Amino acid sequence: MIERIDPMEQQPQVRVIRPLLKKMTSSEGALPHVYWDDPDFPMLCLFDPDAGQWSPCELISKTTVLWTLDWLACYEGWRATGEWTGGGRHVDANDIDANDIKDSQP
């Protein structure tokens, strides 16, 4: 049933391979808006799955690609100022079980 699809299991997974994302100490956390399912290449948090902002019916070119560009711009701003300007809901690491993300991967 399509209405029971979990967006976390269906979404494209976006990771920055090079250059590696850098952590730092800030009020936003060591590296905001990522899922720590891989310590070297965390998955970018591009939307709020609880807000229904994405579904598998959406075009990647009109959602994921644009959101990734926005995330990268916010990341560079965060590196310069320590403030995440992209908005969104900050997910606490305790709210997400990395094993749930890993288990959902093919």
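Note that the structure is predicted; figures quoted are calculated from it, not measured.

> Tell me about the nonpolar core, and name the residues and values.
Grouped together as the largest cluster of nonpolar side chains are 14 residues, with contacts concentrated most on L21, L31, L44, L46, W71, Y75 and W84. Setting aside residues no more than four positions away along its own chain, L46 makes contact with V14, T64, W67, T68 and W71.

> Give a detailed account of the packing of aromatic side chains, specifying residues and quantitative values.
Inspection of every chain in the model, using the stated rule, returns 5 aromatic pairs. Judged by centre distance (5.5 Å) and plane angle (10 degrees), the ring pair of W71 and Y75 falls under stacked. Of this pair, W71 and Y75 both sit in helix α2 (residues 64–81), 4 residues apart, roughly one helical turn. Like Y75, W71 is buried. Each residue in the set W71, Y75, W78 and W84 is aromatic and connected to the rest through ring pairs, giving one cluster.

> Got a sec to walk through α2? Specific residues and values, please.
In an α-helix, one turn spans 3.6 residues, which is why side chains three or four residues apart end up on the same side. End to end, α2 covers 25 Å across 18 residues, agreeing with the expected 26 Å (1.5 Å per residue, within 8%). For α2, the complete set of buried residues consists of T64, T68, W71, C74, Y75 and W78. The buried side chains of α2 occupy one side of the element, clustering within an arc of 125 degrees when seen end-on. With respect to the buried face of α2, the exposed residues turned more than 90 degrees away are L69, A73, E76, A80 and T81. Buried residues belonging to α2 abut β1 (34–35) and β2 (43–44). Remark: G82 follows α2 within two positions and exhibits a positive phi of approximately 80 degrees.

Rules used throughout
Residues numbered from 1 in each chain as written. Predicted model: local features only at pLDDT ≥ 70, side-chain atom pairs only at ≥ 80, totals over all residues. Heavy atoms only, no water. Core = buried A, V, L, I, M, F, W, Y, C linked by side-chain atoms within 4.5 Å. Buried < 20%, exposed > 50% of the residue type's maximum accessible area, 1.4 Å probe, protein only. Contact = heavy atoms within 4.5 Å. Phe/Tyr/Trp six-rings, centres within 6.5 Å; stacked < 30°, edge-to-face > 60°. Helix = DSSP H or I, 4+ residues; strand = E, 2+ residues; numbered from the N terminus. Expected span 1.5 Å × (residues − 1). Arc of directions from axis to C-beta.

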